[in-house]
Amino acid sequence: MMEEKTFTSVSRKELLDAVTFVRKFSNRNIPVLDNVKLTIQEDGNVTVRATDLETDVVSLVEGNGGENSVELLIDKKKLTETLKSLNDDSVKLEFFAGEEIPNVCPECGTTEFDAPPEPETTEEAVLTPSPAPESDVESPDWDEKTCAKCGHVGKSAEFYPPNILPEFKVGEFFTLHPDMDVDEFPIADDFPENTKTAVRTSVGALKKVICAATTDASRFDLSVVNFSADDDLIVA
């Protein structure tokens, strides 16, 4: 059973607006960058982040609740579609940490059930030829394993139970599974704490805009770069 739980409640519209905005700066050609990074803070606030390696964008959504902080990567398209399908003004976000189930013998609990048994004698082993296969001899069940310690025989699934995957619940009915390691997300520097919305971009990206400005001193109104945010777009 998954014990570690992180939760918060946020405005569905504000979260959808934040995801819609930052996903414009993701990179669909690189799998890890085709996600948005969600951070649920201890105070319940949620930051949404994306990058294409040239521009890094973050947007903060105020929330209520939460005791633990967590960072996770979520598929931007699935998250957007999930939020659009909800009708509630407020949406509850819950993250359940997965659990790695140990591989043990279900009978004696040893983790070395695959270890070969130690020889009981030091005498030289005598090799004997295997009997010729016969058509009426039943084939062994290759899905069975035998514990080398206690001799318990069981199906492989008994010895190798599946791990419990992490779950990210959006609202009451939707569950998304983070399938990428958040540590693979290439962000070196953090924005100042509680930054509402911010964009960090490279000099190269700015040069693409600056080169369009005039160098004619008499056209001072066209020799500057104007930045404005409107309808989820930053225009320069």
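Residues numbered from 1 in each chain as written. Predicted model: local features only at pLDDT ≥ 70, side-chain atom pairs only at ≥ 80, totals over all residues. Heavy atoms only, no water.

### A short note on the overall build of the protein
The helix and strand inventory of the protein stands at four helices and 14 strands. A burial count over the protein gives 33% of its 236 residues as buried. Of the contacts formed within the protein by residues at least 6 apart in sequence, a portion of 72% connects residues at least 24 apart. Of the accessible surface of the protein, which amounts to about 15900 Å², a share of 50% is contributed by carbon and sulfur atoms. (Helix = DSSP H or I, 4+ residues; strand = E, 2+ residues; numbered from the N terminus. Buried < 20%, exposed > 50% of the residue type's maximum accessible area, 1.4 Å probe, protein only. Contact = heavy atoms within 4.5 Å. Areas by Shrake-Rupley, 256 points an atom, 1.4 Å probe, with all protein chains shown as cover.)

### Some thoughts on the pairing of strand E10 (residues 167-170)
Moving residue by residue along a regular strand, the side chains alternate between the two faces of the sheet. Residues Phe168 and Val170 point to one face of E10 and are all buried, whereas Glu167 and Lys169, pointing to the other face, are not buried. Across four bridges, the pairing between strand E7 (residues 90-96) and E10 is antiparallel. Its bridge partner lying in E10, Leu93 is registered against Val170. In terms of strand pairing, E10 meets strand E11 (residues 174-176) through three bridges, oriented antiparallel. Bridge assignment links Val170 to a residue of E11, and that residue is Phe174. Connecting E10 to the antiparallel partner E11 that follows it, the hairpin turn spans three residues, and Gly171 within it adopts a positive phi of roughly 75°. (Pairing = 2+ DSSP bridges.)

### A word on the environment of Val104
Within the secondary structure, Val104 sits in the loop between E7 and strand E8 (144-146). For Val104 and Tyr160, which are 56 residues apart along the polypeptide, the C-alpha to C-alpha distance reads 7.3 Å. Ignoring any residue separated from it by four or fewer positions in sequence, one finds Val104 in contact with Gly109, Thr110, Thr111, Phe113, Glu158 and Phe159.

### Details of the state of the cysteines
The full count for this structure, using the stated rule, is zero disulfides. Free of any disulfide, Cys108 has its nearest cysteine sulfur in Cys150, 3.7 Å distant. Cysteine Cys147 remains unbridged, with the sulfur of Cys105 as its closest cysteine sulfur at 3.7 Å. (Disulfide = S-S within 2.5 Å.)

This is a description of form; function is not addressed.
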